[in-house]
Amino acid sequence: MKSDDTFKIELEMLEDDAPKTVANFLSYIEADRYQKTFIHRSVDDFIIQGGGFSFIDGSAADVPAFAAVENEFKVSNTRGTVAMAKLGDQPDSATSQWFINVADNSSNLDNQNGGFTVLFYKVLCCKWEYVVSKITLIKANNTHVKFLLTLRKLTMAAHLKNA
């Protein structure tokens, strides 16, 4: 794989199951707060996480957070789902950070901290596992992710570059 390869993962939003969480996520998109964000956490056989930090003038900075959103746990944290990250022992603390479950984490994440709200579930394209596997092979702070969104589906074009 070349350092400038671009891949896409398309997922369907769960507007009926997590309307407040989807609205929260869209507010970050509409305010351009996910511009220049990157994957900042990658844990083998668990998750990859983004949405918390962006590159500004060559340095990492916090994504400015809106108010936390109420937890709307309904859908299990199975492999391939995308959920909102939150603070320990604070079920209603999700703001901008999200993660992709790269394994079936339902026995763990469905039963702690009120469950983790899944806001994207149905994979719309076929190469997401390949993209996620490539992201997990690279140190998290060397992975840059650009976000493109339509109203009903998220497209993540992962630009894998060595810093």
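Residues numbered from 1 in each chain as written. Predicted model: local features only at pLDDT ≥ 70, side-chain atom pairs only at ≥ 80, totals over all residues. Heavy atoms only, no water.

S.K.: Break down the overall build of the protein for me, citing the residues and quoting the values.
M.R.: The helix and strand tally for the protein stands at 3 helices and 10 strands. Secondary structure elements of the protein, listed N to C terminal, follow the sequence β-α-β-β-β-β-β-β-α-β-α-β-β. A sequence separation of at least 24 residues applies to 69% of the contacts in the protein between residues at least 6 apart. Surface exposure of the protein reaches about 8300 Å², of which carbon and sulfur atoms provide 48%. (Helix = DSSP H or I, 4+ residues; strand = E, 2+ residues; numbered from the N terminus. Contact = heavy atoms within 4.5 Å. Areas by Shrake-Rupley, 256 points an atom, 1.4 Å probe, with all protein chains shown as cover.)

S.K.: Which residues make up the nonpolar core, and what values do they have?
M.R.: Counting 20 residues, the largest nonpolar core has Phe25, Trp98 and Phe120 as its most contacted members. Elements supplying a minimum of two residues to this core: β1 (6–13), α1 (19–30), β6 (82–84), β7 (98–101) and β8 (118–123). A per-element tally of this core places α1 first, with 5 residues. Core analysis: the second largest hydrophobic core is formed by 9 residues, Ala85, Leu109, Phe116 and Val118 among them. (Core = buried A, V, L, I, M, F, W, Y, C linked by side-chain atoms within 4.5 Å. Buried < 20%, exposed > 50% of the residue type's maximum accessible area, 1.4 Å probe, protein only.)

S.K.: Lay out empty space enclosed by the protein with the relevant residues and their values.
M.R.: One simple way to see leftover space: roll a probe sized like a water molecule over the atoms. Considering all chains together, one arrives at 1 cavity of 30 Å³ or more under this definition. Roughly 50 Å³ of volume is contained in the largest cavity. Considering the residues around the largest cavity, the lining is formed by Thr21, Val69, Glu70, Asn71, Met84, Lys86, Pro91, Ala94 and Thr117. When grouped by side-chain class, the residues that make up the lining of the largest cavity number 4 nonpolar, 3 polar and 2 charged. (1 Å grid on protein atoms, 1.4 Å probe; cavity = no way out; pocket = protein on both sides within 12 Å on 5 of 7 lines; lining within 4 Å. Points joined across faces, edges and corners; volume = space filled by probe spheres on them. Nonpolar A, V, L, I, M, F, W, Y, C, P; charged D, E, K, R; others polar.)

S.K.: Help me get a handle on the side chain of glutamine 49, residues and values and all.
M.R.: With respect to the element layout, glutamine 49 can be found in strand β3 (residues 47–50). According to the relative accessible area criterion, glutamine 49 is buried, its value standing at 6%. Engagement of the side chain of glutamine 49 in a polar contact is seen with the side chain of glutamine 97, the distance being 2.5 Å. With residues near it in sequence (within four places) discarded, glutamine 49 still touches Phe38, Ile39, His40, Arg41, Ala85, Gln97, Trp98 and Phe99. (Polar contact = N/O pair within 3.5 Å; in protein donor to acceptor, adjacent residues only side chain to side chain.)

S.K.: Quick one: what's the story with the pattern of salt bridges, residue by residue and with numbers?
M.R.: Summed over the entire model, instances satisfying the criterion amount to 1 salt bridge. Close ionic contact of glutamate 70 with lysine 20 constitutes a salt bridge, the shortest N to O distance being 2.6 Å. Residue glutamate 70 is located in the loop between β5 (59–62) and β6, and its partner lysine 20 is located in helix α1; the two are separated by 50 residues in the primary sequence. Of the residues examined, lysine 20 reaches a relative accessible area of 45% and is grouped as partly exposed. (Salt bridge = Lys/Arg side-chain N within 4 Å of Asp/Glu carboxyl O.)

S.K.: Describe the environment of serine 54, listing the residues and the values that go with them.
M.R.: Here serine 54 lies in strand β4 (residues 53–56). Taking the C-alpha atoms as reference, serine 54 lies 6.2 Å from phenylalanine 38; in sequence the two are 16 residues apart.

S.K.: Any chance you could break down unusual backbone geometry for me, citing the residues and the numbers?
M.R.: At aspartate 32, a position not held by glycine, the phi torsion is positive, near 60°. Mapped onto the fold, aspartate 32 is located in the loop between α1 and β2 (41–43). If you check the backbone angles, aspartate 89 has positive phi at about 60° while not being a glycine. Among the secondary structure elements, aspartate 89 is positioned in the loop between β6 and β7.

S.K.: Explain the packing of aromatic side chains to me, and be specific about the residues and the numbers.
M.R.: For the structure on display, the rule yields 5 aromatic pairs. Residues phenylalanine 25 and tyrosine 34 carry aromatic rings whose centres are separated by 5.0 Å and whose planes lie at 40° to one another, so their mutual orientation is tilted. Assessed through its relative accessible area of 1%, phenylalanine 25 is described here as buried. Overall, the relative accessible area of 3% leaves tyrosine 34 in the buried class. (Phe/Tyr/Trp six-rings, centres within 6.5 Å; stacked < 30°, edge-to-face > 60°.)

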